Structure formats: C-alpha cells, structure tokens
Amino acid sequence: YFKDLISKYLKDNAKSGSSYPKWHKSLTDAIFHEVWGLAGISAWMDMPESSSAKIIGERIYFLIDGKMILQQQKISQNRFNALKKALLLLTPEVPGSSPNIEILMYSGQRVTFYGGTLTKEGQDIMVFRKYIVFNYTLEEQARRKTIPEESISLLKNLAQVGFNVLFCGAVRTAKTTMLTTFQLLEDKSLEGVLIESNAEIPLHKLMPGAPVMQLVCDGEALSGITKQLMRSDGDYIICGEARDGNMLNLLVEIANRGTRHCKSTIHLTDVFDIAYDIANMIVNKKGGNLEHTIIKVAKSFHYVFSFIQLSDRSQKRLKGIHEIRYDYKTHRISIHQICRYELESDSWTFAYDIGEDKQAIAKEENFKAFLSFKNELKKLAGIYPMRNYEAVIPFYSKEG
C-alpha cells in the first residue's frame, strides 16, 4: 500500500529517475524502508543464505560466507529508535524500556534488543536471525555437509524408534533445524506438545495432519503446567529450546515418567558433562538433591547430538552422536560415542555400541526401525571405524 503511494508520487512529480542508495532494490523500496520499513537491514531480508544481521550503534553487519561483514549503510539513533518502536508493536505487553527483549516478526525473523544499562551510551544493539533452511530433510542436511550422506538411513531409523533425544551446541549450529527434521520423521498419529519461548517452529504448517499442540511459554509460567501437560493426553513433548532450569525440569519430569519420543535443543557443548550440567541448572532453580537429579537426567535422555560451526561460520557439522547409558544395578552412568566428526579429514567415523536398555525401549516402541538402526550402525562402523574407541565414565557417575 505504502509503496504504491510512493510510486504514484514519484511518477506524478517526475522524480522516478532520482538516484538512491545501491543497497536498496529500487527508489520506491529505498524511500519506504528509510522512512517506514527496516532501513539498512532491508537488504539482508533478501539474502537467502545469510542467517544473521546485527546493528551496533550506527553500524550494520551482515553474516556473509560465514563472516560478519560491516555494511556501507548506517543507521541514525533516531531511526534506530523508530525501528525498535515499530517492531515492538508486535508485543505491546513487553515494556519498550526493558534492557533485553526478544520478539518474533510475522515474517519469521527473530529479533533481540539490547539497551539501557546493558549497553554503552549510543551503542544499543539489535540482532536479527532467520532460518535459511526450509527443506527439513536429512538429504538436505547431507547436501549442506552438516551430516554424512552415509548416515541418512541410520538417522532416519534412529528418529523413528522413539528415543528421547537432545540436540546440543552453541548458537547457529543447526540444532533447531535438526530437531525439526527429526520431528518430521515422527509418527504423525502420535499426540505431541511443542513448547517454545518464541513461536519459531511452525509445526502446524510442516505437519498439518499431526495432532501436535503448540504452546508459547517461558520463565515462571512453566512452573505450574507440568501437571496440566501430563493430563493433556500427549504422547511426547518437544522443547524448542531448554534454556533454563524451569524448562529443563519440565522436560525431565515428563521424560522420567516413561514418556518417549521427546526432543529438545539446549545450549550446552560438553556432552560428557551434560547430565551434571542439566541437573545443576534444575537444582539451582527448583531445589532438590543433585545426585538424585543427575540420575533422573541420565534416565530421561537416550541420545545426544552435538553440533559445531567451522571457522567458516556458514558451515555446520554434526560433531558427534552419544548414547547416555544408565545401569540400574550399579547406578553407573556412561557415555558412548557412536559417531564422531574428524576435523582434519572433514569426515565421520562410527562405533558399534548399543546398550541393552535401548533395545528394551525399542521393543515397546518401534523394534523394526531399531533393528535397521543397529544394522546400519554396524555397517558404518565396519566401513568407517572409530579409532581408539572407549566409553567414558563421567566424574559424577556413582558406583552402587
């Protein structure tokens, strides 16, 4: 509507041939975005392979070929404030003066604002992020070299068994993309519950026929809904991002009651300490005994996928797949890596090691997929063997 009015004005006043900054697509586009739209960020919206943009003070950066590149255009303080005000109209319940605010745009981009006491004077920050993968398949992940092509069949079967899986790593390492990919391989007749702090994963569009409830909930609001979720008839739970003790406690409580097919992403990078780290976050927030909570965590999650970025930040890699194993007789927790990324050769190796407890779970869920998973892992371990394979007994494991 605005652009039509701008184009008419330019034509009526013989100004259609006027010059405009080269980072805009047209004169009409330049006028719209500099006055009402996204200012210098608008060019980034049309860059399908750039997942991140950043405004720091007056400077604007785009992630291009894995590196944050300073752009020619700048943004004034007044225009920064106007843009922030316009974006915050999406969430009128959030005070604009808050030092840290996160919103989701209608077009799917996530925007985080930092200001007030968190930033230096004149150096307020906006961080824009968008998903650049819209084909949520293992084949697409293999094409991007995030996972080995040889593992596609292995991972499809693993996703269909029904194990509880964590996807961990730093920001921008493809955790949410892989969680979504696994979810699309899920049995579409099962009833699921997706919980997110921001509504980012559009399962109603990706799985329109699946009975998945999508909830947007964060912070203290999570504390009181565990009982309600247990009564929601959900077969499994998905956490878009387990970022604090409340969300982790909810996930562990539900998974520890025998719920399978659960999935979550988490910003942790040390897989071998993951049970301890999760338990520590839960105890710090909710109280309880640390050793007992560690055991609950180890019993709740079956496999952990870890992801990394390479020096070219546009390149993601599956760093490893680990099985968490808990022995009920000895109370021993052990970590078994079945897939490992070899940085020097940019390739993956495999180890054939599957716990008896995983077979018992599979018999109750999808034993056919489990047998295919076993056969694929054994085959890959024979072709691409992992050197110096050894299960890890973490420091927090207790012998009974």
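You'll find the structure just up there.
Student: Explain the nonpolar core here, please?
Tutor: Nonpolar side chains tend toward joint burial in soluble globular proteins. Grouped together as the largest cluster of nonpolar side chains are 46 residues, with contacts concentrated most on Tyr-303, Phe-305 and Phe-373. If you look at the next biggest cluster of nonpolar residues, it comprises 34 residues, including Cys-239, Val-252, Ile-294 and Phe-301.

Student: Is there a simple way to explain the packing of aromatic side chains in this structure?
Tutor: Inspection of every chain in the model, using the stated rule, returns 19 aromatic pairs. Centroid distance Phe-2 to Trp-36: 4.9 Å. Interplanar angle 40°. Geometry classified as tilted. Of the two residues, Phe-2 sits in helix 1 (residues 2–12) while Trp-36 sits in the loop between helix 2 (27–35) and helix 3 (42–45), which places them 34 residues apart along the sequence. On the accessibility criterion, Trp-36 (45% relative accessible area) is partly exposed. Ring centres 6.1 Å apart and planes at 20° place the aromatic pair Tyr-276 and Tyr-396 in the stacked group. A residue pair is termed long-range when its members are at least 10 positions apart, and Tyr-276 in helix 11 (residues 274–286) and Tyr-396 in the segment after helix 14 (367–383) qualify at 120 residues. An aromatic cluster of three or more residues is present, and its members are Phe-163, Tyr-303, Phe-367, Phe-370 and Phe-373.

Student: Please clarify how the sheet that holds strand 12 (residues 303–309) should be interpreted in this entry.
Tutor: By way of backbone hydrogen bonds, the strands of a sheet pair with one another, either parallel or antiparallel. Spatial strand order, 9-8-10-11-7-12-13-14-15: nine strands in an open sheet with mixed pairing. Each edge of the sheet is formed by a strand with only one pairing partner; in this case those strands are strand 9 (212–216) and strand 15 (347–350). Strand after strand, the sheet turns through a mean of 20° between neighbouring axes, direction not considered. Across seven bridges, the pairing between strand 12 and strand 13 (residues 316–326) is antiparallel. Each residue of the ladder has a partner; that of Tyr-303, found in strand 13, is Glu-323. Of the strands in this sheet, strand 7 (165–169), strand 8 (192–196), strand 10 (236–239) and strand 11 (263–266) are in contact with helix 10 (residues 245–255), which crosses strand 10 at around 160°. Those strands touched by helix 13 (residues 356–364) are strand 12 and strand 13, and its axis lies near 90° from that of strand 13.

Student: Would you mind showing me how to read the side chain of Lys-358 here?
Tutor: Considering the arrangement of structural elements, one finds Lys-358 in helix 13. At 2.8 Å, the side chain of Lys-358 forms a polar contact with the backbone oxygen of Ile-324. Beyond its immediate sequence surroundings of up to four residues, Lys-358 is in contact with Phe-163, His-302, Tyr-303, Glu-323, Ile-324, Arg-325 and Phe-370.

Student: Mind showing me how you'd approach unusual backbone geometry here?
Tutor: Among all residues save glycine, negative phi is the norm, and among peptide bonds the norm is trans. Its identity as a non-glycine residue notwithstanding, Ala-174 has a phi of 80°, on the positive side. Structurally, Ala-174 is set in the loop between strand 7 and helix 7 (175–184). Here the phi dihedral of Asn-388 falls at roughly 55°; this positive angle occurs in a residue that is not glycine. Taking the relative accessible area as the measure of exposure, Asn-388 reaches 76% and is therefore exposed.

Student: How should the pattern of salt bridges be read in this particular structure?
Tutor: Opposite charge on two side chains lets them pair, provided their charged atoms get close. Scanning the model with the defined rule gives 21 salt bridges in all. Two residues, Glu-102 and Arg-243, come together in a salt bridge whose shortest N-O distance is 3.6 Å. Taken together, the residues span a long stretch of sequence, with Glu-102 in strand 4 (residues 100–104) and Arg-243 in the loop between strand 10 and helix 10 at a distance of 141 residues. In this structure, Arg-243 and Glu-241 form a salt bridge, with 3.2 Å as the shortest nitrogen-oxygen distance. Taking the relative accessible area as the measure of exposure, Glu-241 reaches 14% and is therefore buried. Here the salt bridges do not stand alone but share partners, grouping Glu-323, Arg-325, Asp-353, Asp-357 and Lys-358 into one network.

Student: In this structure, what is going on with the pairing of strand 2 (residues 59–64)? I would like to understand it.
Tutor: On a regular strand, each side chain points to the face opposite its neighbour's, so the side chains alternate between the two faces of the sheet. Relative to strand 2, strand 1 (residues 52–56) is paired through four bridges, and the arrangement is antiparallel. By the bridge assignment for strand 2, Ala-53 is matched with Phe-62. If you look at the hairpin formed by strand 1 and strand 2, you'll find two residues sitting between the two strands, and Gly-57 has a positive phi there, around 65°. The pairing of strand 2 with strand 3 (residues 67–74) spans five bridges and is classified as antiparallel. The residue bridging Phe-62 from the neighbouring strand is Ile-69, located in strand 3. Connecting the antiparallel pair strand 2 and strand 3 is a turn made up of two residues, with Asp-65 showing a positive phi of about 50°.

Student: How should the sheet that holds strand 1 be read in this particular structure?
Tutor: Strand order in the open sheet formed by six strands is 3-2-1-6-5-4, with antiparallel pairing between adjacent strands. Edge strands, defined here as strands with exactly one partner in the open sheet, are strand 3 and strand 4. Strand after strand, the sheet turns through a mean of 20° between neighbouring axes, direction not considered. Judged from the five bridges that link them, strand 5 (residues 110–114) and strand 6 (residues 125–129) form a sheet pairing that is antiparallel. Within the sheet, the bridge partner assigned to Tyr-114 lies in strand 6 and is Ile-125. This element, helix 4 (residues 77–87), spans strand 1, strand 4, strand 5 and strand 6 of the sheet and lies at about 50° to strand 6.

Student: What should I look at first to understand the side chain of Gln-183 in this one?
Tutor: By the secondary structure assignment, Gln-183 is in helix 7. Leave out the neighbours within four places in its chain, and Gln-183 touches Leu-203, Met-207, Val-212, Tyr-236, Ile-238 and Lys-263.

Conventions adopted
- Residues numbered from 1 in each chain as written.
- Predicted model: local features only at pLDDT ≥ 70, side-chain atom pairs only at ≥ 80, totals over all residues.
- Heavy atoms only, no water.
- Core = buried A, V, L, I, M, F, W, Y, C linked by side-chain atoms within 4.5 Å.
- Buried < 20%, exposed > 50% of the residue type's maximum accessible area, 1.4 Å probe, protein only.
- Phe/Tyr/Trp six-rings, centres within 6.5 Å; stacked < 30°, edge-to-face > 60°.
- Helix = DSSP H or I, 4+ residues; strand = E, 2+ residues; numbered from the N terminus.
- Pairing = 2+ DSSP bridges.
- Axes fitted to C-alpha atoms, helices over the stretch in contact; angles between N-to-C directions.
- Contact = heavy atoms within 4.5 Å.
- Polar contact = N/O pair within 3.5 Å; in protein donor to acceptor, adjacent residues only side chain to side chain.
- Salt bridge = Lys/Arg side-chain N within 4 Å of Asp/Glu carboxyl O.

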